[in-house]
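Spelled out, the chains give:
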Amino acid sequence: MARENGKIYLIKGAYPGEIVDVEVEKNKKDLSFCRIKRVNKASASRVIPLCKYFEKCGGCEWMNIKYEEQLKLKSDIFVDQMRHVAKIDINRPEIVPTKAYGYRNKMEMAVKNEELGFFKKSTHNFIKIEKCMLASDPLNMLKSTVEKVLKRHEKFASTVEHVVFREASGKTMVIFISSEKITPPRIESVDNVVTLENHSHVVVAGRQRIHKGSGILHINVNNVKYEIPAKAFFQVNYSGARELANIVKEYVGSGEKLLDLYCGVGFFSLQLSKMFEKVVGLESSPSSVQIARKNAKINGISNSQFMLLKVQDWKQKAHFDVVIVDPPRSGLERGVVEKIHALAPRKIIYVSCDITTFARDIKEFMKNGYVVEKVKLVDMFPQTHHVESVALIKKGECT
Ligand SMILES: C[S@@+](CC[C@H](N)C(=O)[O-])C[C@H]1O[C@@H](n2cnc3c(N)ncnc32)[C@H](O)[C@@H]1O
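All figures in this text were calculated on a predicted structure; none of them were measured in a lab. (Residues numbered from 1 in each chain as written. Predicted model: local features only at pLDDT ≥ 70, side-chain atom pairs only at ≥ 80, totals over all residues. Heavy atoms only, no water.)

Asks: Help me out: how do you make sense of the packing of helix 1 (residues 67–86) against helix 8 (residues 355–367) in this one?
Replies: Between two packed helices, the angle of one axis relative to the other and the distance separating the axes together describe the packing. At a minimum axis separation of 9 Å, helix 1 and helix 8 run at an interaxial angle of 40 degrees. Relative to helix 8, the element helix 1 is oriented oblique. The way helix 1 lies across helix 8 gives a crossing that is right-handed. Where helix 1 abuts helix 8, its residues Lys-74, Ile-77, Phe-78, Gln-81, Met-82, Val-85 and Ala-86 lie against Ile-355, Thr-356, Phe-358, Ala-359, Arg-360, Ile-362, Lys-363 and Met-366. Looking at side-chain class alone, the contact of helix 1 with helix 8 contains 10 nonpolar, 2 polar and 3 charged residues. (Axes fitted to C-alpha atoms, helices over the stretch in contact; angles between N-to-C directions. Helix = DSSP H or I, 4+ residues; strand = E, 2+ residues; numbered from the N terminus. Parallel < 35°, antiparallel > 145°, perpendicular 65-115°, else oblique. Left-handed = near helix turned anticlockwise from the far one by under 90°. Contact = heavy atoms within 4.5 Å. Nonpolar A, V, L, I, M, F, W, Y, C, P; charged D, E, K, R; others polar.)

Asks: Would you mind going over unusual backbone geometry with me for this structure?
Replies: Among all residues save glycine, negative phi is the norm, and among peptide bonds the norm is trans. Not every positive phi belongs to a glycine, and Ser-169 is a case in point at roughly 50 degrees. With respect to the element layout, Ser-169 can be found in the loop between strand 9 (162–168) and strand 10 (171–178). Ser-169 gets classed as exposed once you look at its relative accessible area, which sits at 52%. At Ala-344, a residue that is not glycine, the phi angle is positive and equals roughly 50 degrees. Tracing the backbone through its elements, the reader meets Ala-344 in the loop between helix 7 (336–342) and strand 19 (347–352). (Buried < 20%, exposed > 50% of the residue type's maximum accessible area, 1.4 Å probe, protein only.)

Asks: What is the right way to read the site of the ligand from this model?
Replies: Around the ligand, 18 residues are found, and the nearest of them are Gln-235, Glu-283, Val-311, Gln-312 and Asp-326. The backbone of Val-311 places a nitrogen or oxygen atom 2.9 Å from a nitrogen atom of the ligand. Asp-326 places a side-chain nitrogen or oxygen 2.9 Å from a nitrogen atom of the ligand. Contact with the protein chains removes 89% of the 600 Å² of surface that the ligand exposes when unbound. (Near = heavy atom within 4 Å. Polar contact = N/O pair within 3.5 Å; in protein donor to acceptor, adjacent residues only side chain to side chain. Areas by Shrake-Rupley, 256 points an atom, 1.4 Å probe, with all protein chains shown as cover.)

Asks: Quick question: what am I supposed to make of the pairing of strand 4 (residues 31–41) here?
Replies: Where a strand is regular, its side chains alternate between the two sheet faces. Bridge analysis of strand 2 (residues 7–12) against strand 4 gives 5 bridges, and the strand direction is parallel. Looking at strand 4, one finds that Lys-12 is bridged to Arg-35. For strand 3 (residues 19–27) and strand 4, the ladder comprises 8 bridges, and the chain directions are antiparallel. The residue bridging Glu-23 from the neighbouring strand is Arg-35, located in strand 4. As consecutive antiparallel partners, strand 3 and strand 4 are separated by 3 residues. (Pairing = 2+ DSSP bridges.)

Asks: I'm lost on the environment of Arg-207 in this one. Help?
Replies: On the secondary structure map, Arg-207 appears in strand 12 (residues 207–212). In the structure, Arg-207 is positioned 30 residues away from Ile-177 in sequence and 9.7 Å away in space, judged by C-alpha atoms. Setting aside its immediate chain neighbours within four residues, Arg-207 contacts Thr-195, Leu-196 and Glu-197.

Asks: How do you make sense of the domain arrangement of the protein when you look at a structure like this?
Replies: The accessible area lost on association of the parts is a frequent measure of interface size. Each domain of the protein was delimited in the assignment, giving domain 1 (106–215) and domain 2 (237–395). Between the C-alpha centres of domain 1 and domain 2 there is a distance of 31 Å. Buried area between domain 1 and domain 2, summed over both chains or domains, comes out near 250 Å², and the portion from carbon and sulfur atoms is 60%. Connecting domain 1 to domain 2 are 1 residue pair in polar contact (both at pLDDT 80 or more). Residues belonging to the side of domain 1 that touches domain 2 are distributed by class as follows: 2 nonpolar, no polar and 2 charged. (Domains from an automatic or database assignment. Buried area = accessible area lost by both parts, 1.4 Å probe.)

Asks: When you look at empty space enclosed by the protein in this model, what are you seeing that I'm missing?
Replies: Regions of empty space are outlined by a rolling probe, equal in size to a water molecule, passed over the atoms. Tallied over the full model, the rule gives 1 cavity of 30 Å³ or more. Each pocket or cavity is described by its volume, and for the largest cavity that value is around 50 Å³. What lines the largest cavity is Leu-259, Leu-261, Leu-282, Val-311, Trp-314, Lys-339, Ile-340 and Leu-343. Every element with two or more residues in the lining of the largest cavity is listed here: strand 15 (255–261) and helix 7. Across the lining of the largest cavity, the residue classes tally to 7 nonpolar, no polar and 1 charged. (1 Å grid on protein atoms, 1.4 Å probe; cavity = no way out; pocket = protein on both sides within 12 Å on 5 of 7 lines; lining within 4 Å. Points joined across faces, edges and corners; volume = space filled by probe spheres on them.)

Asks: What is the right way to look at the pattern of salt bridges in this model?
Replies: Any two side chains of opposite charge can pair, so long as their charged atoms come close to each other. Counting across every chain of the model gives 21 salt bridges. In this structure, Lys-128 engages Glu-115 in a salt bridge whose closest nitrogen and oxygen atoms are separated by 3.9 Å. Remark: Glu-115 occurs in strand 7 (residues 115–119) and Lys-128 occurs in strand 8 (residues 126–128); sequence separation between them is 13 residues. Look at Lys-128 and you get partly exposed, because its relative accessible area is 31%. Among the ionic pairs, Glu-364 bridges to Lys-367, the shortest N-O distance being 2.8 Å. In this pair, Glu-364 and Lys-367 both sit in helix 8, 3 residues apart, roughly one turn of the helix. A relative accessible area of 61% places Lys-367 in the exposed class. Put simply, Glu-115, Lys-128, Lys-143, Glu-147 and Lys-151 are held in one network by salt bridges that share partners. (Salt bridge = Lys/Arg side-chain N within 4 Å of Asp/Glu carboxyl O.)

Asks: Got a minute to help me understand the layout of surface pockets in this structure?
Replies: Looking at the second largest pocket, its volume works out to about 1900 Å³. Lining of the second largest pocket is provided by 44 residues; of these, Ile-11, Lys-12, Gly-13, Ala-14 and Trp-62 occupy positions nearest its centre. For the lining of the second largest pocket, the elements supplying multiple residues, two or more each, are strand 1 (2–4), strand 2, strand 3, strand 4, helix 1 and helix 8. By residue number, the principal contributor to the lining of the second largest pocket is helix 1, which donates 5 residues. Looking at which domains feed residues into the lining of the second largest pocket, each of domain 1 (106–215) and domain 2 (237–395) gives three or more.

And the structure:
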């Protein structure tokens with residue numbers, strides 16, 4: 001971001017401290033969006049990106065800057081967004097790094113002419129990809145296997161729009177997504193083969209059919225076992241997930257009743273069940289709720305209850321000691337902050353994967369008399385601008 005005479009220029013691909021020539025791509029009264037024409041003075045932290053698709057694919061927009069600098073930038077941006085959107089000054093938070101490459105346990109790819117690739121960000125330009133440097137080795141191997149299958153089965157390949165790859169504990173899953181009812185060919189070296197007949201714009205959705213395996217992966221995080229079904233959300237970076245769980249544990253303390261909003265397959269509920277007498281999770285995805293209940297059972301946890309419900313539709317007003325929220329990127333729906341306030345919790349833990357919607361929601365919490373007491377970031381998404389934040393929010397004065 002650069003400023004001149006009160007006007008803001010957002011320059012795609014430039015780093016703080018650099019001097020660049022730009023071309024304005026979109027001009028508004030107080031804000032212009034620009035692209036770099038020439039870098040006159042580059043940041044000392046710039047490096048040559050390791051991936052040959054850098055810029056073409058657009059997924060890892062920060063791969064040309066040192067990892068340590070990425071971490072610093074993420075905490076700087078966090079502080080900046082809190083100042084500009086939430087209107088509070090906070091100290092630069094600690095950021096926990098994870099593996100810089102090969103960390104993703106899930107990868108969504110598009111299919112074109114029997115080949116697998118990504119669409120360049122915000123475009124329909126297909127880029128064939130041999131190997132994604134963010135994906136784990138098992139995922140890249142799985143991708144090669146499936147591409148060979150697609151090449152051998154052209155007719156089948158022509159019906160597939162997207163392929164999702166997932167892996168956990170050495171087991172793999174491939175999900176073929178099509179607007180038609182499809183039957184995949186036999187794939188020897190894959191543990192689970194699933195198809196989704198999908199008519200929506202969301203990639204991982206639609207009617208599921210299991211063609212091989214159980215359609216479920218298994219992972220153990222901090223000695224809690226989780227089943228992950230094909231369509232369910234699970235943190236895409238397993239070591240980051242462990243870090244996240246540990247921070248949430250540290251912030252939560254203990255109490256009588258815990259409410260876990262946007263609970264997915266029960267990730268936080270089950271990590272924390274021993275610290276509470278009762279745990280209630282709310283989630284809008286039917287398969288996730290079903291598996292959250294099963295996950296409680298396989299861990300011998302009997303004090304948890306999972307409900308299929310949109311958080312904004314929850315009517316109950318019983319008191320909860322602690323409320324955890326971990327919404328999608330869009331943040332909390334309108335009215336959710338007031339709903340949480342009505343439960344009079346001692347603590348709220350807000351886990352977020354989007355700094356801007358997080359800062360917007362914090363502003364709402366502050367209107368209701370809450371303050372942010374502690375924040376930590378976990379770098380769940382190295383090489384990209386995304387970061388996960390965990391905040392402890394309480395009533396009263398900031399300490
Ligand atoms: C970021 S994920 C977090 C899941 C879980 N806390 C975890 O760590 O695995 C957000 C979850 O919210 C669910 N979700 C999205 N909108 C929702 C809503 N309005 N009400 C309840 N759950 C919702 C999604 O299905 C997804 O499982």
